[in-house]
Amino acid sequence: MAPSPPRSYTRQDVRDGVRVVKGVRAGVGASLIVVDGGVYDVGGFAHPGGERSLRAFVGGARDASSAFRGDGGRSSVRAHAHSDAARRILARLKVGVLVEDDDVDDDDDDDDAATASEDSDDAAASEDGSTTTTTIDAHGVDLSKPLVAQVGALGDAYESWTREPLLGSGPMRFFKSDVLERASRTRWWVVPTVWLPVAFAAFARGVLGVVAATERGRVGGDDSSDSIAAIAGAGDRDDSDAVAARVVVVVVVVVVVATFFAIGAAAWSVGEYVFHRFVFHRAPRTRAGIVAHFLMHGCHHKSPMDALRLVFPPAPWAAVVAASWLAWCVPYTGPHTTAFAW
């Protein structure tokens, strides 16, 4: 069966954000852009570069072709050569083609033909109760079934499979078990709700440890009679000495805590980058490695619009946090625990 002709949009249609449904201009409100003569509805599309990356091109005031191809020159700050995966995503957003106003009459006839073709397709599908839509992709993965049981068999094709992202297909199903499936889906606000109290506890424990050590005059291992505690508590000292000592305590605590907190931030940033660069972006080859990679990172590439899998579920990560807390914070109380807050 021959494919239906593409929908025709005038420049005025693009400016007005007209929605064309089965040849009928059904209303306005679409966010339309033009790329190489094609008209694309980017409304609701979460662009990796942010909403501002598309805003200047919505309505067709500026053609997005050069920016998409990356040949806009130095003056085009939004120009970026997009990948093949981005081109596949763009193709799924296509709603029609741009025509000049003089060609509207001819293209209306094409729209009528397209509408008739769609109606006949619908009728044919309803007669036998089936459609030609399939959920099995080019790699043999059935997207309607749990993916964890299938991705391990992809082997060397796994990396290219993740580079063909799904768009607007709804949440992927990972597991056959409903319990595991629910546990794998996490709303973004769950992460700060669970982990901010833990981070605050680690930070507070570190601050209290520094305060206690400073009060005892042993931050630098100094147990002499001239320690801060001795100056602050000696009865034969006047009030000014005690105040000065307290100021020193505060300064020492702030400097030490800030230093270790900065160390924690730097260590986490470097560690995250190294892990992301050399583990997440290293294609696994074994079945177990592919499954683990898909669960931790590959799923984001395959379905970047899955809002329930943008963050790591707290339940499996709790074991890592608990082990780190027992090894890092429980045996000792000191400034190093402030770094654990990261």
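Higher on the page you've got the structure.
So, here is what we can say about the structure in this document.

Quick notes on the rules
- Residues numbered from 1 in each chain as written.
- Predicted model: local features only at pLDDT ≥ 70, side-chain atom pairs only at ≥ 80, totals over all residues.
- Heavy atoms only, no water.
- Helix = DSSP H or I, 4+ residues; strand = E, 2+ residues; numbered from the N terminus.
- Buried < 20%, exposed > 50% of the residue type's maximum accessible area, 1.4 Å probe, protein only.
- Contact = heavy atoms within 4.5 Å.
- Areas by Shrake-Rupley, 256 points an atom, 1.4 Å probe, with all protein chains shown as cover.
- Patch = residues over 30% accessible without salt bridge, like charges linked within 9 Å, V, L, I, M, F, W, Y side chains within 5 Å.
- Salt bridge = Lys/Arg side-chain N within 4 Å of Asp/Glu carboxyl O.
- Pairing = 2+ DSSP bridges.

As for the overall build of the protein
Here's step 1: When its secondary structure is counted, the protein shows 14 helices and 6 strands.
Here's step 2: When burial is assessed residue by residue, the protein has 30% of its 342 residues classed as buried.
Here's step 3: For the protein, the share of sequence-separated contacts (at least 6 apart) that also reach a separation of at least 24 residues comes to 62%.
Here's step 4: Surface accessibility of the protein: about 20,400 Å² in total, with carbon and sulfur atoms responsible for 60%.

Examining a nonpolar patch on the surface
Here's step 1: Taken together, the side chains of Trp268, Leu295, Met296, Phe312, Trp317 and Val320 present a nonpolar region at the surface, about 520 Å² in accessible area.
Here's step 2: Within the residue set of the nonpolar patch, elements represented by two or more residues are helix H12 (287-302) and helix H13 (314-328).
Here's step 3: Secondary-structure assignment places valine 320 in helix H13.
Here's step 4: A residue is classified by how much of its surface remains accessible, and valine 320, at 38% relative accessible area, is partly exposed.

As for the sheet that holds strand E1 (residues 8-9)
Here's step 1: A sheet is described by the order of its strands in space; here 4 strands give the open sequence E1-E6-E5-E4, paired in mixed fashion. Two strands in the sheet have a free side with no partner beyond their single neighbour: E1 and strand E4 (32-35).
Here's step 2: Direction of pairing for E4 relative to strand E5 (residues 38-41): antiparallel, over a ladder of 4 bridges. Counterpart to isoleucine 33 in the pairing with E5 is tyrosine 40.

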